[in-house]
Amino acid sequence: MSAGFGLHDDSFAYETLDGEYNGGVSASWFFWRLVEDANYANFWKLNVMGGEVYPDLQTGIFSNSYPAGTESNQDFTSCVDVTHATYMLNYEAFASTYTGSDLDKAMEAGNRMGYQFKVKKVEATESIIGSGNIDITVRVQQVGVAPFYYSLSLSLSCSGMATVTLPGVASILPGNAKNFHF
């Protein structure tokens, strides 16, 4: 597979992961096994991953009674974490059939996908004592499961001053952080 090629699993959480995620049952044709066999498991760092929750699982996948981790009933969050999914088709989410804790779990699952950045620390120090100039460092951490696939910058604006914009937010991979110096 060439660079720039994302993937879509249309049997998500049904035939996505095998082995321990699938009640101990392994199958060579499952989605992630094929990705690994093709030596493409790191594609998500540059290319998007998505899919569709397998239609027969859509009504109950976020229910307390869903048998996650059994054969062909894989845990949605585990599938997202392993594949680094950014988007997922799920008709039931828009058919208004989720209520109560099922709806809460569906919303949480939707928010789990893709990128999520957090400002972990902001530090301001006087650059030269008595100069009135301030150096500002902002630490941004990527706490999502996938990168942001387009250019993304961080801007700092102060009253009466020009806005300063620094590129590089998109280059922060999940689990990593980066300091931006203004």
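Refer to the structure printed above.
Now for a look at the structure at hand.

Reading the values: rules and limits
- Residues numbered from 1 in each chain as written.
- Predicted model: local features only at pLDDT ≥ 70, side-chain atom pairs only at ≥ 80, totals over all residues.
- Heavy atoms only, no water.
- Helix = DSSP H or I, 4+ residues; strand = E, 2+ residues; numbered from the N terminus.
- Buried < 20%, exposed > 50% of the residue type's maximum accessible area, 1.4 Å probe, protein only.
- Contact = heavy atoms within 4.5 Å.
- Salt bridge = Lys/Arg side-chain N within 4 Å of Asp/Glu carboxyl O.

## Some words on the side chain of Ser 63
Item 1. In this structure, Ser 63 sits in the loop between strand S2 (49–53) and helix H2 (76–83).
Item 2. What makes Ser 63 buried here is its relative accessible area of 18%.
Item 3. Here Ser 63 is in contact with Asp 102 and Lys 105, once residues within four sequence places are set aside.

## What about the pattern of salt bridges?
Pairs may arise between side chains of opposite charge once their charged atoms sit close together.
Item 1. Counted under the stated rule, the structure contains three salt bridges.
Item 2. Among the ionic pairs, Arg 112 bridges to Asp 81, the shortest N-O distance being 2.7 Å. Here Arg 112 is found in helix H3 (residues 100–112), whereas its partner Asp 81 is found in helix H2, with 31 residues between them in sequence.
Item 3. Residue classification places Arg 112 among the partly exposed residues on the basis of a relative accessible area of 30%.
Item 4. The exposure class of Asp 81 is partly exposed, given its relative accessible area of 30%.
Item 5. Ionic pairing is found between Lys 121 and Glu 123, a salt bridge with its closest N-O pair at 3.5 Å.

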